[in-house]
Amino acid sequence: DIVSERREVSESVLKKAFSTTEEDFLSLVKKQWMNNPQIASVGTCCLAGVLHDGVLFVANAGDSRAVLGRVERGSKRASAVQLSNEHNVNIASVREELYALHPDDSQVVIMKHVSRSIGDVYLKRAEFQREPLLPKFRLAETFEKPILNSEPEVTVHKLQPEDHFVIFASDGLWEQLSNQEAVDIVHGIAKRLLKAALHEAAKKREMRYADLKKIDPGVRRHFHDDITLIIVFIDSHLVSKSPLPPYSIKGGVFPR
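Residues numbered from 1 in each chain as written. Predicted model: local features only at pLDDT ≥ 70, side-chain atom pairs only at ≥ 80, totals over all residues. Heavy atoms only, no water.

- By the naming in an unreviewed UniProt entry, the protein chain is PPM-type phosphatase domain-containing protein, taken from Linum tenue.

Structural data, given as structure tokens:
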């Protein structure tokens, strides 16, 4: 709706879309606070892609990832090009960003695996750091600045005829497969991607893939992180033409 309303796509438009989503969820939390206080602890990573006039905008908040599959002319193999950056505290630059924002609190980086998200208002608004929120979500000391934020990091990529597809996936996939491994699988047979990730998860748990598949999905979360992915195939013939269709939207929200 925001894109349609402004009749353009830009970094500011995408950030506005994220902030609007965040504000709407905050409003919901306020309405349900007394009857369902734990909603204040609910959050999600968000990764979105918008294609406009041959340019792909990727907006990311959290540790999901967008990876482009590119096949150079004369080559049979697709190469991987990462289009987004993760906001995971295991990454040194993310930890440094958090330390810079919270110089008086060296423990802030261990509160969440990610530094950006939609929701998680209990780590953004001190007013929710009280009963009836469960004690495990309440901090020993209050905070003045939000510990997490919802602003996405936006990257811009001009599509080329060699660009064949983009993989949008949650961290559950990337914990099992590298960018190149995922691109190789998609370039071959797309359905093998998820199966390959689950095979790797089973191997790490020293169990058979067939046995892993038999485990109830709710219990299986203890064996591997949830995996959500979207693959967008690009029509290279369409990319080489002008003018292109005005815009199309592909994206995903990945609950943790």
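**What to know about the overall build of the protein chain**
Then comes step 1: Helix and strand counts for the protein chain come out as 9 helices and 9 strands.
Then comes step 2: Counting all 256 residues of the protein chain, 45% fall into the buried class.
Then comes step 3: Pairs at least 24 residues apart make up 66% of the contacts formed inside the protein chain by residues separated by at least 6 positions.
Then comes step 4: Only carbon and sulfur atoms are counted for the fraction: they give 52% of the accessible area of the protein chain, which is about 14,200 Å². (Helix = DSSP H or I, 4+ residues; strand = E, 2+ residues; numbered from the N terminus. Buried < 20%, exposed > 50% of the residue type's maximum accessible area, 1.4 Å probe, protein only. Contact = heavy atoms within 4.5 Å. Areas by Shrake-Rupley, 256 points an atom, 1.4 Å probe, with all protein chains shown as cover.)

**Regarding the pattern of salt bridges**
Then comes step 1: Applying the stated rule across the entire model yields 10 salt bridges.
Then comes step 2: A salt bridge links arginine 65 to glutamate 86, with the nearest nitrogen and oxygen atoms 2.5 Å apart. Of this pair, arginine 65 sits in strand β3 (residues 65-70) while glutamate 86 is found in the loop between β4 (79-82) and α3 (92-101), placing the two residues 21 residues apart along the sequence. Per residue, the accessibility class of arginine 65 equals that of glutamate 86, and both read buried.
Then comes step 3: Residues glutamate 127 and arginine 125 are paired through a salt bridge, measuring 3.6 Å at the closest nitrogen-oxygen approach. (Salt bridge = Lys/Arg side-chain N within 4 Å of Asp/Glu carboxyl O.)

**Considering the environment of glutamate 86**
Then comes step 1: A relative accessible area of 15% places glutamate 86 in the buried class.
Then comes step 2: Taking C-alpha positions, glutamate 86 is 4.4 Å from aspartate 63, a pair spaced 23 residues apart along the chain.
Then comes step 3: Once you skip the residues sitting within four places of it in the chain, glutamate 86 turns out to touch Asn60, Gly62, Asp63, Ser64, Arg65, Ile91 and Val94.
Then comes step 4: Of the polar contacts made by the side chain of glutamate 86, one reaches the side chain of arginine 65; its length is 2.5 Å.
Then comes step 5: A polar contact of 3.2 Å, which involves the side chain of glutamate 86, links it to the side chain of glutamine 82. (Polar contact = N/O pair within 3.5 Å; in protein donor to acceptor, adjacent residues only side chain to side chain.)

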